[in-house]
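Examination of the molecular architecture
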Amino acid sequence: MELILDKLTKQYHNKITVDRISLKLQKGVHGLLGANGAGKTTLMRMICGVLKPDSGTVTLDGIDVATEEYRAKLGYLPQDFGYYPEFTGMDFLLYMATLKGLTKKQAKRKANELLEIVSLKADENKKIKNYSGGMKQRLGIAQALLNNPSLLILDEPTAGLDPKERVRFRNIIAEIGKDNIVILSTHIVSDIEHVADNILMMKDGQLIYQGKWQENLGDLEQFYLKQFEED
Ligand SMILES: Nc1ncnc2c1ncn2[C@@H]1O[C@H](COP(=O)(O)OP(=O)(O)OP(=O)(O)O)[C@@H](O)[C@H]1O
């Protein structure tokens, strides 16, 4: 399994938001770090095919991002994910499963399985408006997993989670990353430090670091802060 970005570029007005990013990613958890405005969301939206690049390509095992075949392999939790407050967790997953083309029987089976994985089984009949931030995020991950994606994209998924939720979240992500490609963006180093197999660091639309974090470079947090200090 391989995700390939080739000179991916997006410009808004006079500002290049994503600047010729080329990358090859295999299975594992990839942590995308960058300050607010670095271009993370723009990059992720292009990887998900919801935003068309000005130039460059995105392919998963040779399949182009603009195809139905690619979409079938993709799971996406956007930053501004809209939940339906009056739905229960179970209803929401069944609804999303229908949108993704699962039959009623498949939907039921999958929803049950995922609620178990994200530890929401006991709360499946509670309305989402009564869920905590962490519970909503876990439900968001569950909906992204409905189609057994081999590529999972999570945009700032840890925003608003308390420390306990963060740990729980990390464990879920690590498990999924064993067999799939997971890309997760954040501006908080500690969110990915212990879970990411690979670090991607973005600044002003460019990748300034890519690879396993090398201990000889020192502390990741210090390195990260230094990159953004110079501005
Ligand atoms: N639709 C748009 N029109 C104009 N400018 C945009 C648009 N989307 C993003 N930008 C600009 O592109 C830059 C990068 O935005 P982006 O959301 O990709 O960054 P980010 O790293 O995800 O930051 P954040 O964590 O704040 O979401 C910002 O300067 C933003 O104002």
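Read on for an overview of the structure.

Cut-offs and rules
Residues numbered from 1 in each chain as written. Predicted model: local features only at pLDDT ≥ 70, side-chain atom pairs only at ≥ 80, totals over all residues. Heavy atoms only, no water. Helix = DSSP H or I, 4+ residues; strand = E, 2+ residues; numbered from the N terminus. Expected span 1.5 Å × (residues − 1). Buried < 20%, exposed > 50% of the residue type's maximum accessible area, 1.4 Å probe, protein only. Arc of directions from axis to C-beta. Contact = heavy atoms within 4.5 Å. Axes fitted to C-alpha atoms, helices over the stretch in contact; angles between N-to-C directions. Parallel < 35°, antiparallel > 145°, perpendicular 65-115°, else oblique. Left-handed = near helix turned anticlockwise from the far one by under 90°.

**Concerning helix 6 (residues 163–177)**
Between its first and last C-alpha, helix 6 extends 21 Å over 15 residues, near the 21 Å set by a 1.5 Å rise per residue. When helix 6 is considered as a whole, its buried residues turn out to be E165, R166, F169, I172, I173, I176 and G177. End-on, the buried residues of helix 6 take up no more than an arc of 130°, which puts them together on one face. Turned more than 90 degrees away from the buried face of helix 6 sit P163, K164 and N171, all of them exposed. Next to the buried residues of helix 6 lie strand 3 (28–34), helix 4 (104–117), helix 5 (133–144), strand 7 (151–155), strand 8 (181–186) and helix 7 (189–193).

**A few points about the packing of helix 3 (residues 89–99) against helix 4**
The geometry of helix 3 relative to helix 4 is characterised by a closest axis approach of 9 Å and an angle of 130° between their N-to-C directions. One way to sum up the angle between helix 3 and helix 4 is to call them oblique. Crossing handedness for the pair helix 3 and helix 4: right-handed. On helix 4, the residues that touch M90, L93, L94 and A97 of helix 3 are A107, K108, A111, N112 and L115.

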